[in-house]
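Secondary and tertiary structure notes
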Amino acid sequence: QVQLVESGGDLVQPGGSLRLSCAASGTIFSISDMGWYRQAPGNQRELVASISRDGRTNYADSVKGRFTISRDNAKKTEYLQMNSLKPEDMAVYYCNARFLSHVWWGQGTQVTVSS
């Protein structure tokens, strides 16, 4: 079993930066693929970035060059560094872990981008 707790969401001005963290419990973090998703009001949840257990990364086109996903297996923590934030990045961001057929979600953290 894996429990995920996100933190780091906040109100930030356009052009600003935030770093989201996702702390995981359980023993399989290091062998799980991890990801960040987001959901804005009225929209479907969408993949923002993912990182495999061996460190391969993948990004949505809308965030390439601005966001960086990383993981620290020793700390069982996943990160999303978000730079040059835009109003369209505003959403609830969810941490995601996947191992074989199992999928776990965090409760979400709100990112608001507004002047």
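The structure under discussion appears in the preceding block.
Residues numbered from 1 in each chain as written. Predicted model: local features only at pLDDT ≥ 70, side-chain atom pairs only at ≥ 80, totals over all residues. Heavy atoms only, no water.

1. Re the side chain of Asp89
Which entries qualify depends on this criterion: Helix and strand assignments follow DSSP, with helices taken as H or I runs no shorter than four residues and strands as E runs no shorter than two, numbered in order from the N terminus. It only takes one pair of heavy atoms within 4.5 Å for two residues to be counted as in contact.
When you line up the elements, Asp89 lands in the loop between strand S8 (77–82) and strand S9 (91–99). Apart from residues lying up to four places away in sequence, Asp89 is in contact with Arg38, Arg66, Phe67, Ser84, Val111 and Val113.

2. As for the nonpolar core
The test is simple: Nonpolar cores were defined as sets of buried Ala, Val, Leu, Ile, Met, Phe, Trp, Tyr and Cys residues, with membership established by side-chain atoms within 4.5 Å. Accessible area is worked out with a 1.4 Å probe on protein chains only. A residue is then buried under 20% of its type maximum, exposed over 50%, and partly exposed in between.
Counting residues in each nonpolar core, the largest one holds 29 residues, and the members touching the most others are Leu4, Trp36, Val48, Phe67, Leu80, Met82 and Tyr93. Looking at this core, the elements that each hand over two or more residues are strand S3 (18–24), strand S4 (33–39), strand S5 (46–51), strand S7 (67–72), S8, S9 and strand S11 (109–113). Not counting residues within four places of it along the chain, the set of residues in contact with Leu80 comprises Leu18, Arg19, Leu20, Trp36, Val48, Ala49, Phe67, Thr68, Ile69 and Tyr93.

3. Quick look at the pairing of S9
Under the convention used in this document: When DSSP finds at least two bridges between two strands, those strands are taken to pair.
In terms of strand pairing, S4 meets S9 through seven bridges, oriented antiparallel. Along S9, the bridge assignment pairs Trp36 with Cys95. Two elements, S9 and S11, share three bridges in a ladder whose sense is antiparallel. Directly across from Ala91, in S11, lies its bridge partner Val111. Inspection of the sheet shows S9 paired to strand S10 (residues 102–105) by four bridges, in the antiparallel sense. Counterpart to Phe99 in the pairing with S10 is His102.

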